[in-house]
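The primary structure of each chain is shown beneath.
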Amino acid sequence: MASNPVFNAEAFERAQNSARAVQPMTLQGTINKSFFLLFICVLGAWFGWQNPFLMDKALWIIMIVGGLLGLFISLKPRSAPFLAPVYALAEGLCLGVVSLFFNKEFPGIVLQAVSVTLAVFLVMLTLYKTKIIRPTAGFIIGVLGATCGVALFYLVCLVLMLCGVNMDFLTGSSRLAIGINLVICIVAAANLVLDFNFIDEMTSKYVAPKYMEWYAGFGLLVTLVWLYWEILKALGKSRRR
């Protein structure tokens, strides 16, 4: 089982039954779709960066729409070829605006965050391909538990903030706040290993239809966006010290 909720074996098992008469999902096809979605996300980020005042008014709406799209795609993998690019665009628009605000406060921080995210991705891919890190059952359970813990932690923090509780230990620039961000970055990076492994297994074990390449690419994009966001926040907090 992969810790990324988008990647679940049941979805692939259901999909393989309809793949007999069509070209099956392949690893190369998944890689191509993943890069395409990343390209769309970057285009959206560029537009958001160039039009911050236009986007500022619609930012929350786009964030909500992006979240709903992500949830719908997770539940309906068949929609991935049509909705995953829209999701990538929505995520890109939001990241572009937020990144611009960070860069105005800390010049150069976005380039640094992108570079670190790319470096982490390549390192984790190398560690997975060379089998230095093996996604054993214990590793998978550990990352799954950590990911669920992070989700629950953020949910509790959101509720507390809405109730007016001071969450400076999370949003501030203290060593504790930076440490929490770094731990979450590690959890996100570990999710990449499980994502690589899961895509590998699904393309070799199951006869999934072609649309599942979009579904898998969407899931990988979710992890990358999460990783970039946590790295950007960690760098911002460290700059404020």
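Everything here concerns the structure above.
Residues numbered from 1 in each chain as written. Predicted model: local features only at pLDDT ≥ 70, side-chain atom pairs only at ≥ 80, totals over all residues. Heavy atoms only, no water.

**Side note on the environment of Ala208**
Okay, so step 1: Relative to the helices and strands, Ala208 is located in the loop between helix 9 (175–205) and helix 10 (211–240).
Okay, so step 2: We classify Ala208 as buried; its relative accessible area is 0%.
Okay, so step 3: Residues Ala208 and Pro24 lie 184 residues apart in sequence; the distance between their C-alpha atoms is 5.5 Å. (Helix = DSSP H or I, 4+ residues; strand = E, 2+ residues; numbered from the N terminus. Buried < 20%, exposed > 50% of the residue type's maximum accessible area, 1.4 Å probe, protein only.)

**Digging into the nonpolar core**
Okay, so step 1: Among the nonpolar cores identified, the biggest contains 43 residues, and Leu37, Ile73, Ile109, Leu192, Phe196 and Leu221 are the most heavily contacted of them.
Okay, so step 2: Secondary structure elements with two or more residues in this core: helix 2 (27–50), helix 4 (59–75), helix 5 (80–105), helix 6 (109–129), helix 9 and helix 10.
Okay, so step 3: With 15 residues, the single largest contributor to this core is helix 10.
Okay, so step 4: Counting 7 residues, the second-largest nonpolar core is a separate cluster that includes Val150, Met167, Leu170 and Val187. (Core = buried A, V, L, I, M, F, W, Y, C linked by side-chain atoms within 4.5 Å.)

**Observations concerning helix 10**
Okay, so step 1: With 30 residues, helix 10 should reach 44 Å at 1.5 Å per residue; the first-to-last C-alpha distance of 44 Å fits that figure.
Okay, so step 2: In terms of burial, helix 10 is largely enclosed, as 24 of its 30 residues are buried. (Expected span 1.5 Å × (residues − 1).)

**A few points about the layout of surface pockets**
In this approach, a probe sized like a water molecule rolls over the atoms, and the result shows the empty space that is left.
Okay, so step 1: Looking at the second largest pocket, its volume works out to about 900 Å³.
Okay, so step 2: If you trace the second largest pocket, you find 31 residues lining it, with Leu38, Thr117, Leu118, Leu221 and Leu224 closest to the centre.
Okay, so step 3: When contributions to the lining of the second largest pocket are tallied by element, the ones reaching two or more residues are helix 2, helix 5, helix 6, helix 9 and helix 10.
Okay, so step 4: Across the lining of the second largest pocket, the residue classes break down as 23 nonpolar, 6 polar and 2 charged. (1 Å grid on protein atoms, 1.4 Å probe; cavity = no way out; pocket = protein on both sides within 12 Å on 5 of 7 lines; lining within 4 Å. Points joined across faces, edges and corners; volume = space filled by probe spheres on them. Nonpolar A, V, L, I, M, F, W, Y, C, P; charged D, E, K, R; others polar.)

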